[in-house]
Amino acid sequence: KPALTKIGAQMSNLTGVRAIMKDINETLRANQGQVLYNLSAGNPLILPEVEQLWRDCTADLLASAEYGEVVCRYGSSQGYAPFIAAIVKDFNQRYGLQLTERNILVTAGSQTIYFYAANAYGGYTEDCKLKKIVLPLSPDYTGYGGVSICPESLIAYKPTLDVDDVNHRFKYRPDFTQLSITQETGCVIFSRPCNPTGNVLTNEEVEKIAALATPYDVPVFIDSAYAPPFPALNFTEMKPVFGENIIHCISLSKAGLPGERIGLAIGEEKLLQVLECFQTNAGIHSSRYGQAIATRAIESGALANIAETVIRPFYQHKFDVLESTLDAVMPKDLPWFLHRGEGAIFAWLWLQELPISDWEFYQQLKKVGVIVVPGSSFFPGLEENWEHKHQCLRISLTGTDEEISIGMQRLAKIAQEVYHQ
Ligand code: PLP
């Protein structure tokens, strides 16, 4: 094997949930033929109406004179012009903004926005000062764990917890007494709605974070992969927040196009330029086929409509099944707390004072055929010892109603055994 550089070695580490996916895939392979309740997936389901929408848009593209221009030619790194125009029009109308095409950058999936941002704004400056990438509320998206080629720049903050003891519910809030954004901060990133917790930061919380960053010209990347208008995976009222130092980042992955790799950064041109150059160097541009079919779905209003009428109710129902099953089967005397299900495609369960680690609990669940993701993989950038990091589980809402319901019944039984051992 050729020797790797420091960055090469770093990038070949499986970070966060990818490491666990390896274990899960091995489990699935080893247990073929057995019934497994797999509630670990981060991959959205293929919903028939959504697939049909993309099929129809594809048929329309195939029949149009545009086809050759779209798939047989390179384009600009900023993105496909008709797609950018459709986004500008949609967002201006919907949110009363004054965006122009210079406020949009299309990327190869939204993951790459965070990779470009983390390395353009975080890491060492020319005069060797370390600029931090701040995650204001931990836990957050595990994919932030691998984005920086300078891992010491990533720093996350512990949240405060609003706990409803009677109803076994809780909600994370940013801890503004601890959160520090200074001249040493390079950028801020958080997901809203949040993967893995389903949390939606309030508008006031978002505005407060943006205001803390303003005096230092720190860009704030709001990862809106689950937000309205598409995929609209918010189960609670939420309005996207825009502002001078805010880059609103969206993704079409949860709206049925994860394979096409389409992300969008919306914000001030001066903040997007460096990201666009990064993209030119890394991969030239995103798939133009994906952008061309998305143009059709956005211009007609079909995408926003299907998001509200199909995608959101589908996952909201899954959360309802999970929540009502847990309420029915979890022992009342145990300190279990379900995070408020405000959005995304996951439920987040906190087992306070769990006598074993989340990883051991995950292993016990595997033995009864239920697969979830241990929560400790979702605290990138939070180095400090905090028992809470080992007391949580992420449960995917991509299972069938039966899988979710049986999975939670078995989880309740294991919880009972583990706490009373
Ligand atoms: N951000 C969040 C919060 C996610 O959950 C995901 C994918 O699961 C991504 C970003 C990356 O999505 P993509 O690169 O497909 O746009």
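The structure displayed is predicted, hence computed values, not measured ones.

1. Thoughts on the confidence of the model for the chain
Looking at the chain, the pLDDT average stands at 96 and 100% of residues meet or exceed 70. The complex model carries a pTM of 0.97, and its ipTM stands at 0.99.

2. Observations regarding the packing of aromatic side chains
Enumeration according to the criterion identifies 16 aromatic pairs in this entry. Taken together, a centroid distance of 6.3 Å and an interplanar angle of 90° make the contact between phenylalanine 91 and phenylalanine 242 edge-to-face. Here phenylalanine 91 is found in helix 5 (residues 81-95), whereas its partner phenylalanine 242 is found in the loop between strand 9 (220-223) and strand 10 (246-251), with 151 residues between them in sequence. Between the aromatic rings of tyrosine 121 and phenylalanine 221, the centroid separation amounts to 6.1 Å while the plane-to-plane angle is 45°, which identifies the pairing as tilted. Residue tyrosine 121 is found in helix 6 (residues 111-121), and its partner phenylalanine 221 is found in strand 9; the two are separated by 100 residues along the sequence. Since its relative accessible area comes to 18%, tyrosine 121 is described here as buried. Residue phenylalanine 221 is classed as buried on the basis of its relative accessible area, which comes to 0%. Connected via pairs of aromatic rings, a cluster forms that spans Phe170, Tyr172, Phe337 and Trp350. In this structure, lysine 208 packs its charged tip against the face of phenylalanine 176, placed 4.4 Å from the ring centre.

3. Section: the packing of helix 3 (residues 48-63) against helix 9 (residues 288-299)
For any two helices packed against each other, one specifies the crossing angle of their axes together with the interaxial distance. The contact between helix 3 and helix 9 brings their axes to 9 Å, and the two run at 105°. As far as their axial angle goes, helix 9 and helix 3 are roughly perpendicular. Of the residues in helix 9, those in contact with Leu53, Trp54, Cys57, Thr58, Asp60 and Leu61 of helix 3 are Tyr289, Ala292, Ile293, Ala294, Arg296 and Ala297. Looking at side-chain class alone, the contact of helix 3 with helix 9 contains nine nonpolar, one polar and two charged residues.

4. A few points about empty space enclosed by the protein
This model, assessed by the stated rule, comprises two cavities of 30 Å³ or more. In this structure, the largest cavity encloses a volume near 70 Å³. Taken as a whole, the second largest cavity holds about 40 Å³ of empty space. Lining the second largest cavity, in full, are Gln78, Arg102, Ile104, Glu269, Leu272, Gln273 and Glu276. Top element by residues in the lining of the second largest cavity is helix 8 (residues 269-283). It accounts for four residues. Each residue belonging to the lining of the second largest cavity can be placed in one class, and the counts come to two nonpolar, two polar and three charged.

5. So, the packing of helix 6 against helix 8
Two elements in contact, helix 6 and helix 8, have axes whose closest approach is 9 Å; the angle formed by their N-to-C orientations is 110°. It follows from the interaxial angle that helix 6 and helix 8 lie roughly perpendicular. For the element pair helix 6 and helix 8, the recorded crossing hand is right-handed. Between helix 6, through Ile113, Tyr116, Ala117, Asn119, Ala120 and Tyr121, and helix 8, the contact on the second element is made entirely by Lys270, Leu271, Val274, Leu275, Phe278, Gln279 and Ala282. Here the residues of the contact of helix 6 with helix 8 sort into ten nonpolar, two polar and one charged.

6. What to know about the pairing of strand 16 (residues 392-396)
The element strand 16 is largely enclosed, with a buried count of five among its five residues. Bridging between strand 15 (residues 373-374) and strand 16 involves two bridges; their strand directions are antiparallel. Directly across from valine 373, in strand 16, lies its bridge partner arginine 394.

7. Comments concerning the sheet that holds strand 16
In spatial order, the strands read 6-7-12-13-16-15; together these six strands make up an open sheet with mixed pairing. At either end of the open sheet lies a strand with only one pairing partner, and these are strand 6 (160-164) and strand 15. In this sheet, strand 16 lies alongside strand 13 (residues 346-351) in antiparallel orientation, the contact comprising five bridges. Of the residues in strand 16, the one forming a bridge with leucine 349 is leucine 393.

8. Examining the pattern of salt bridges
Applying the stated criterion across every chain yields a total of 18 salt bridges. Measuring nitrogen to oxygen at the nearest pair gives 4.0 Å for the salt bridge that ties glutamate 69 to arginine 288. Note that glutamate 69 is positioned in helix 4 (residues 67-71) and arginine 288 in helix 9, a separation of 219 residues in sequence. Of the residues examined, glutamate 69 reaches a relative accessible area of 41% and is grouped as partly exposed. Take arginine 288: its relative accessible area is 9%, and that puts it in the buried class. Taking the shortest distance from any N to any O, the salt bridge between arginine 169 and aspartate 327 comes out at 2.7 Å.

9. Structural notes on the environment of leucine 28
One can find leucine 28 in helix 2 (residues 16-30). Look at leucine 28 and you get partly exposed, because its relative accessible area is 26%. As for leucine 28 and isoleucine 371, which are separated by 343 residues in sequence, their C-alpha atoms are 9.3 Å apart. If we ignore the near neighbours within four places in the chain, the residues touching leucine 28 are Leu36, Asn38 and Ile371.

Parameters and conventions
- Residues numbered from 1 in each chain as written.
- Predicted model: local features only at pLDDT ≥ 70, side-chain atom pairs only at ≥ 80, totals over all residues.
- Heavy atoms only, no water.
- pLDDT = per-residue confidence, 0-100.
- Phe/Tyr/Trp six-rings, centres within 6.5 Å; stacked < 30°, edge-to-face > 60°.
- Helix = DSSP H or I, 4+ residues; strand = E, 2+ residues; numbered from the N terminus.
- Buried < 20%, exposed > 50% of the residue type's maximum accessible area, 1.4 Å probe, protein only.
- Lys NZ or Arg CZ within 6 Å of the ring centre and 35° of its normal.
- Axes fitted to C-alpha atoms, helices over the stretch in contact; angles between N-to-C directions.
- Parallel < 35°, antiparallel > 145°, perpendicular 65-115°, else oblique.
- Contact = heavy atoms within 4.5 Å.
- Nonpolar A, V, L, I, M, F, W, Y, C, P; charged D, E, K, R; others polar.
- 1 Å grid on protein atoms, 1.4 Å probe; cavity = no way out; pocket = protein on both sides within 12 Å on 5 of 7 lines; lining within 4 Å.
- Points joined across faces, edges and corners; volume = space filled by probe spheres on them.
- Left-handed = near helix turned anticlockwise from the far one by under 90°.
- Pairing = 2+ DSSP bridges.
- Salt bridge = Lys/Arg side-chain N within 4 Å of Asp/Glu carboxyl O.

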